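Given next are the chains, with one letter for each unit.
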Amino acid sequence: TDATGIAFCGNTGVKVVKESKPAYKIELKHSDEIRSLIGHTRHSTQGNEKRNYNNHPFLGKADKSFAFAHNGVLWNDSELRKEKKLPPTHIETDSYVAVQLIESQGKIDFDSLKYMAETVEGNFTFTVLDEDNALYIVKGNNPMYLIHFEALGLYIYASTESIMKQAL
């Protein structure tokens, strides 16, 4: 992978920490007050990973702040930016258009996520963590493997079962 990042929710809202390095080469620093965390390791398909603003998770703002990560490839990002008159951005990835679509709805909820997911074309699984500690997972046709450790109140997810087993 080319870049690694985490977003976490604590007492002070959503924060993002990311670096233009593979996960095994970095130690991500985070607060001890974490209630929720999403992570992303990036294999670059669009946008230079050396420019850290292209790496996931992305911060967004609707009625509340949120962090966004995408596994997959979107095919209609350029067309959507023009068609929906989305604001210009220096972020060069296909994924960021999904953040902009959510922001255009002015809220983060099931309706705005549905709008975004039904508007983009491509392969995806999206994860969104908002400042209220809500985690949303929008599963398209990209793989995702989820484990619930009920006794701990913990959910852990990865792209595939083999990645999950290796990580655990």
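From a predicted model like this one, the values you see are computed outputs, not experimental measurements.

For the rest of this paragraph, the subject is the nonpolar core. The biggest cluster of nonpolar side chains holds 24 residues, and the ones touching the most others in it are Phe66, Phe68, Leu113, Met116 and Phe126. Elements represented by at least two residues in this core include exactly strand 5 (65–74), helix 2 (96–104), helix 3 (110–119), strand 6 (122–130) and strand 7 (135–139). Here this core takes six residues from helix 2, the largest share from any one element. If near-sequence neighbours (up to four positions away) are discounted, phenylalanine 126 is found in contact with Phe68, Ala69, His70, Leu74, Ala98, Met116, Val120, Tyr136, Ile137 and Val138. Grouped together as the second largest cluster of nonpolar side chains are seven residues, Ala7, Val14, Ile38 and Leu129 included.

By volume, the largest pocket amounts to about 1,300 Å³. In terms of lining residues, the largest pocket is bounded by 44 residues, among which Gly39, His40, Thr41, Tyr157 and Ala158 are the most central. Elements that contribute at least two residues to the lining of the largest pocket include exactly strand 1 (3–10), strand 3 (36–42), strand 5, strand 6, strand 9 (154–158) and helix 4 (161–167). Broken down by element, the residue count for the lining of the largest pocket peaks at seven residues, all from strand 3. Here the residues of the lining of the largest pocket sort into 20 nonpolar, 21 polar and three charged.

So, on to the environment of alanine 7. One can find alanine 7 in strand 1. On the accessibility criterion, alanine 7 (0% relative accessible area) is buried. A sequence separation of 51 residues divides alanine 7 from phenylalanine 58, and the C-alpha atoms of the two residues are 8.4 Å apart. Not counting residues within four places of it along the chain, the set of residues in contact with alanine 7 comprises Lys15, Val16, Ser36, Leu37, Ile38, Pro57, Ala67 and Leu129.

A separate point is the sheet that holds strand 1. Across the sheet, which stays open at both edges, the three strands sit in the order 2-1-3 with antiparallel pairing between neighbours. Sheet topology places strand 2 (13–19) and strand 3 at the edges, where each strand pairs with a single neighbour. Going across the sheet, the axis of each strand differs from the next one's by a mean of 15°, ignoring polarity. Pairing of strand 1 with strand 2 involves seven bridges; the strand directions are antiparallel. Across the sheet, the residue bridging to cysteine 9 is valine 14, located in strand 2.

Criteria and cut-off values
- Residues numbered from 1 in each chain as written.
- Predicted model: local features only at pLDDT ≥ 70, side-chain atom pairs only at ≥ 80, totals over all residues.
- Heavy atoms only, no water.
- Core = buried A, V, L, I, M, F, W, Y, C linked by side-chain atoms within 4.5 Å.
- Buried < 20%, exposed > 50% of the residue type's maximum accessible area, 1.4 Å probe, protein only.
- Helix = DSSP H or I, 4+ residues; strand = E, 2+ residues; numbered from the N terminus.
- Contact = heavy atoms within 4.5 Å.
- 1 Å grid on protein atoms, 1.4 Å probe; cavity = no way out; pocket = protein on both sides within 12 Å on 5 of 7 lines; lining within 4 Å.
- Points joined across faces, edges and corners; volume = space filled by probe spheres on them.
- Nonpolar A, V, L, I, M, F, W, Y, C, P; charged D, E, K, R; others polar.
- Pairing = 2+ DSSP bridges.
- Axes fitted to C-alpha atoms, helices over the stretch in contact; angles between N-to-C directions.

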